[in-house]
Amino acid sequence: MRKISLFIAMSLDGYIAKSNDDLSFLKLVEKEGEDYGYAEFTSQIDTIIIGRKTYDYVASEIGASHYDNGQRDVYVITRTERPQEGRTIFYTGSLTELIDRLKSENGKNIYCDGGAEVINELLKHCLIDEFTISVIPVLLGDGTRLFKNGRPEQVLNFVTAKTFETGLTQLHYKLKK
């Protein structure tokens, strides 16, 4: 069965975006030639699930092809219906039903790239199997928290921790079944 993996960055105080959905703090650890394992990670996935706000931000800053490269399906979780664009599907149905269907299909793993609402809905149903969390050495003080209240306790097994010369620390855990 396919697994859902979270690969995300947060500030040391637990925020994935500033209060105005600004992700510019991620630039603090940009280094030419360093992708923090992202290419290796994405080689193991063929489906992406992402919230609409995160999708819109990345599409405007980098381009929609960052997600839809023609090699994978992209599900943008949204409340507003939009027509499919390439392999990008704007999904308005039940997130848990979508996950159940995707996990039962053949394929590579499924990547959840945020945002916080989508992540926390998945956590409420214990649907994230692996967590790769990169901690950026900055205290933002306010913004969008990665982990919100109102979800069940979930015990994780430690896999690895890596440190990088930029100060980024990357933590990898698997959900204990």
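Everything that follows concerns the structure shown earlier in this document.
Residues numbered from 1 in each chain as written. Predicted model: local features only at pLDDT ≥ 70, side-chain atom pairs only at ≥ 80, totals over all residues. Heavy atoms only, no water.

### Looking at the overall build of the chain
Item 1. When helices and strands are tallied, the chain shows four helices and 10 strands.
Item 2. Its helices and strands in sequence order give the chain the pattern β-β-α-β-α-β-β-α-β-α-β-β-β-β, from N to C terminus.
Item 3. Computed over C-alpha atoms, the radius of gyration of the chain comes to 16 Å, within 12% of the 16 Å expected from 2.2 N^0.38 for 177 residues, which places it in the range of a compact globule.
Item 4. With the C-alpha coordinates aligned to their principal axes, the bounding extent of the chain is approximately 40 × 40 × 30 Å.
Item 5. Of all 177 residues assigned to the chain, the portion counted as buried reaches 44%.
Item 6. The long-range fraction of contacts in the chain, counting pairs at least 24 apart against all pairs at least 6 apart in sequence, stands at 72%.
Item 7. Per element, the accessible surface of the chain, about 9600 Å² overall, is 47% carbon and sulfur. (Helix = DSSP H or I, 4+ residues; strand = E, 2+ residues; numbered from the N terminus. Rg over C-alpha atoms; globule rule 2.2 N^0.38 Å. Buried < 20%, exposed > 50% of the residue type's maximum accessible area, 1.4 Å probe, protein only. Contact = heavy atoms within 4.5 Å. Areas by Shrake-Rupley, 256 points an atom, 1.4 Å probe, with all protein chains shown as cover.)

### Side note on the state of the cysteines
Item 1. Applying the stated criterion to the full structure yields zero disulfides.
Item 2. We note that Cys112 lacks a disulfide partner, and the nearest cysteine sulfur, in Cys126, lies 14 Å from it.
Item 3. Looking at Cys112, the relative accessible area reads 0%, which means it is buried.
Item 4. Its relative accessible area of 34% is what places Cys126 among the partly exposed residues. (Disulfide = S-S within 2.5 Å.)

### Comments concerning the pairing of strand E6 (residues 109-112)
Item 1. Neither face of E6 is exposed, since Asn109 and Tyr111 on one face and Ile110 and Cys112 on the opposite face are all buried.
Item 2. The sheet contact formed by strand E1 (residues 4-11) and E6 spans three bridges and is parallel. Bridge pairing in E6 links Ile4 to Ile110. (Pairing = 2+ DSSP bridges.)

### Observations concerning the sheet that holds strand E5 (residues 88-91)
Item 1. Spatially, eight strands are ordered E5-E4-E3-E6-E1-E7-E10-E9 in an open sheet, and the strand pairing comes out mixed. Among the strands making up the open sheet, the edge pair consists of E5 and strand E9 (156-163). Neighbour-to-neighbour, the strand axes of this sheet turn through a mean angle of 20°, independent of strand direction.
Item 2. Sheet topology note: the E9/strand E10 (residues 169-175) ladder contains seven bridges and is antiparallel. The residue bridging Thr160 from the neighbouring strand is His172, located in E10.
Item 3. Lying over the sheet, helix H3 (residues 95-104) contacts E1, strand E3 (45-51), strand E4 (73-77), E5 and E6, oriented at roughly 165° with respect to E4. (Axes fitted to C-alpha atoms, helices over the stretch in contact; angles between N-to-C directions.)

### Looking at helix H2 (residues 52-61)
Item 1. Among all positions of H2, only Thr54, Tyr55 and Val58 are buried. The buried residues of H2 occupy an angular sector of 100° when the element is viewed end-on, so they sit on one face.
Item 2. Where H2 is buried, its residues meet E3, E4 and E5.
Item 3. One or two residues past the end of H2 sits Gly63, with phi positive at roughly 120°. (Arc of directions from axis to C-beta.)

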